[in-house]
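Structure at a glance
Chain by chain, the residues:
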Amino acid sequence: MHKFKTLTLLLIALCLTLPFAACTGESEEDEDKETRLPAGDEVPDSLIGDWIVDDVISVTFKADGTGDLSYYDGTPGYVFQYTYHAASGTISVLELSFMTQETWTIDNFTAKRLTLKIPSADNNQYNFEKTIFLLGDLVPDEMLGTWYMSDSSRIVFTEDGKGNFYYAGESGAETGTDGSEVFRSSFKFNFAYHMTSTALEVVIDAELYEWNVETRTDEELVFTDQDGVSHVCLREWDADEYPVAPDPALLVGAWGTEGNLDFELLEDGTLVSYEAEVDSTLNYGTWSYLAEKQFLDMGSYGQIFVTALTEDYMIYNDLYEPDYTHIYFRFIGDENWSVGDVSLLTGKTWHTYEKGFEVTYTFNADGTGVHTNAYYGLEASWPLTYTYDAEEEKITVSMDDKRGHPEEVEMYVHNLSDTRLFIASTYSLTKDKWEYINMEFYGK
């Protein structure tokens, strides 16, 4: 009887433990599923490396399927594992500290630019640029700051290993990856200086170049670039060495954008702003111009470097956003607009700047032409055909820019002279939503 009772108790105890054992096994399996990344595709070589949004965030993807994310404001970053999914344009990420998963969405991906939407980073969309992180010696004080070249171009070195180069005049011409001509008014770079070898490692558009510093004093910097070309840079503007700066008298007058009157510079140094009218009261300030540095100080209205100045337009870089180029047009008022003969449209290229980058149209007499833009640094050029309706004063442009813009663009001409063009053009916000925008160009 005693043995029977013992056996009965053992059977009861065994039955009671079975459900718990089963539950434990199911929990481990679920946890394994949560921390196991979905299988992915082969990672493109162009994704591997360091990606950065200046002074905001950086991401590194390694070939072994791991990576790390860092913030520049001190917010803690993390290391992760990842898989890449070509069809969906996504990256599955497993954050390794807390074993949490999320999906990053790729909006744009080229060899040098990557746009990602990252849920854990406030669900923000970031425009990354490919870079190479450099290690070097402490940059000598005499090398820091702005240097002027013989063509009045400028190069700037900062103590955090970053720099900017500004072309003189309107823009610099380079050759794009497809062999086409690309225009840029400036570019930024990272650099590291090596004291012993005097080598200057420079990263431009994720490409590593080596320059050699031949002379380095407080007043002169001489370096040889990757093509063996020697550059002599001086600390101060030298009237004997550099071209004469634009005539400051050309600054006096009314200036605007997209047909609007923005501000007026008076001869006595008074600035009149028409953008901040309150109860029809104009906003007054002062302005000054340092011709040898082409620096226009308009107080609270802004500080800019004037890179080109004519009777018709002023091209400039903002002091606080030097990577972007903008334009002001001399204001003439719509009461003075007139549309000249269509022949004024051809035989030249029409230039303007949108979102900090140059946009051009060229109209040939045979009804063909070319449209270029460099929005966000993306080099682009497309052939076009066009017709002109003299009665409606309308240009109809047909082109396939392969980026979602309409194949046919209508441009209503409001002003056309030998040097100025003002249009109201259709612009595609989305595939099915259009609006008209005003655009003003100078021709040359």
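Preceding this section is the structure that the text describes.
Attention in this report is confined to the structure presented alongside it. (Residues numbered from 1 in each chain as written. Predicted model: local features only at pLDDT ≥ 70, side-chain atom pairs only at ≥ 80, totals over all residues. Heavy atoms only, no water.)

1. Comments concerning the overall build of the protein
Secondary structure summary: the protein contains one helix and 35 strands in total. For the protein, the residues scored as buried account for 42% of the 444 residues in total. Partitioning the intrachain contacts of the protein with sequence separation of at least 6 by distance along the chain shows that 39% fall at a separation of at least 24. Just so you have it, the protein exposes about 24,000 Å², and 51% of that area is on carbon and sulfur atoms. (Helix = DSSP H or I, 4+ residues; strand = E, 2+ residues; numbered from the N terminus. Buried < 20%, exposed > 50% of the residue type's maximum accessible area, 1.4 Å probe, protein only. Contact = heavy atoms within 4.5 Å. Areas by Shrake-Rupley, 256 points an atom, 1.4 Å probe, with all protein chains shown as cover.)

2. Description of the pairing of strand β10 (residues 154-157)
Side chains of β10 alternate between two faces, with Arg154 and Val156 and Ile155 and Phe157 buried alike. Pairing geometry for strand β9 (residues 145-148) and β10, over four bridges, is antiparallel. Looking at the pairing, threonine 146 lines up with valine 156 of β10. As paired strands, β10 and strand β11 (residues 162-166) are joined by four bridges and run antiparallel to one another. If you follow arginine 154 over to β11, its bridge partner there is tyrosine 166. In this structure, the hairpin formed by β10 and β11 is closed by a connection of four residues, where glycine 161 is found at a positive phi of approximately 80°. (Pairing = 2+ DSSP bridges.)

3. A few points about the packing of aromatic side chains
Enumeration according to the criterion identifies 23 aromatic pairs in this entry. Seen from their ring centres, phenylalanine 263 and tyrosine 328 are 4.8 Å apart, and the 85° between their planes marks the pair as edge-to-face. Of this pair, phenylalanine 263 sits in strand β20 (residues 260-265) while tyrosine 328 is found in strand β27 (residues 321-330), placing the two residues 65 residues apart along the sequence. Side by side, phenylalanine 263 and tyrosine 328 carry an identical accessibility label, which is buried. Taken together, Phe61, Tyr78, Phe80, Tyr82 and Trp104 form an aromatic cluster joined through their ring pairs. Over the face of the ring belonging to phenylalanine 305 we find arginine 154, whose NZ or CZ atom lies 4.4 Å from the ring centre. (Phe/Tyr/Trp six-rings, centres within 6.5 Å; stacked < 30°, edge-to-face > 60°. Lys NZ or Arg CZ within 6 Å of the ring centre and 35° of its normal.)

4. Some details on the side chain of aspartate 225
Within the secondary structure layout, aspartate 225 lies in the loop between β17 (220-224) and β18 (230-234). A polar side-chain atom of aspartate 225 sits 2.9 Å from the main-chain amide nitrogen of aspartate 227. Beyond its immediate stretch of four places on either side in the chain, aspartate 225 contacts Glu210, Trp211 and His231. (Polar contact = N/O pair within 3.5 Å; in protein donor to acceptor, adjacent residues only side chain to side chain.)

5. Regarding the pattern of salt bridges
Taken as a whole and judged by the stated rule, the model has seven salt bridges. The closest approach of N and O atoms between glutamate 142 and arginine 216, which form a salt bridge, is 2.8 Å. With glutamate 142 in the loop between β8 (124-131) and β9 and arginine 216 in strand β16 (residues 207-216), this pair connects stretches of sequence that are 74 residues apart. With a closest N to O distance of 3.7 Å, lysine 394 and glutamate 410 form a salt bridge. Taken as a pair, lysine 394 in strand β32 (residues 394-398) and glutamate 410 in strand β33 (residues 408-416) lie far apart in primary sequence, 16 residues in all. (Salt bridge = Lys/Arg side-chain N within 4 Å of Asp/Glu carboxyl O.)

6. Considering a nonpolar patch on the surface
The grouping of Val79, Leu96 and Met99 at the surface amounts to a nonpolar patch, some 220 Å² of accessible area in total. For leucine 96, the location among the structural elements is in the loop between β5 (90-95) and β6 (100-109). Among the residues examined, leucine 96 registers a relative accessible area of 31% and is labelled partly exposed. (Patch = residues over 30% accessible without salt bridge, like charges linked within 9 Å, V, L, I, M, F, W, Y side chains within 5 Å.)

7. Here's the deal with the sheet that holds strand β3 (residues 66-71)
In spatial order, the strands read β1-β2-β3-β4-β5-β6-β7-β8; together these eight strands close into a barrel with antiparallel pairing. Taken pair by pair, the neighbouring strands of this sheet meet at an average axis angle of 30°, ignoring direction. Of the pairings in the sheet, the one linking strand β2 (residues 57-61) to β3 comprises five bridges and is antiparallel in character. When the bridges of β3 are listed, phenylalanine 61 appears paired with glycine 67. (Axes fitted to C-alpha atoms, helices over the stretch in contact; angles between N-to-C directions.)

8. Side note on the side chain of glutamate 440
Here glutamate 440 shows up in strand β35 (residues 433-443). In this structure the side chain of glutamate 440 is engaged in a polar contact, spanning 2.8 Å, whose partner is the side chain of arginine 420. Residues in contact with glutamate 440, not counting those within four places in the same chain, are Glu258, Gly259, Phe329, His351, Thr352, Arg420, Leu421 and Phe422.

9. A look at unusual backbone geometry
Unlike most non-glycine residues, threonine 198 shows phi in positive territory, near 60°. Here threonine 198 shows up in the loop between β14 (186-194) and β15 (199-204). Overall, the relative accessible area of 25% leaves threonine 198 in the partly exposed class. Non-glycine residue glutamate 258 carries a positive phi angle of around 50°.

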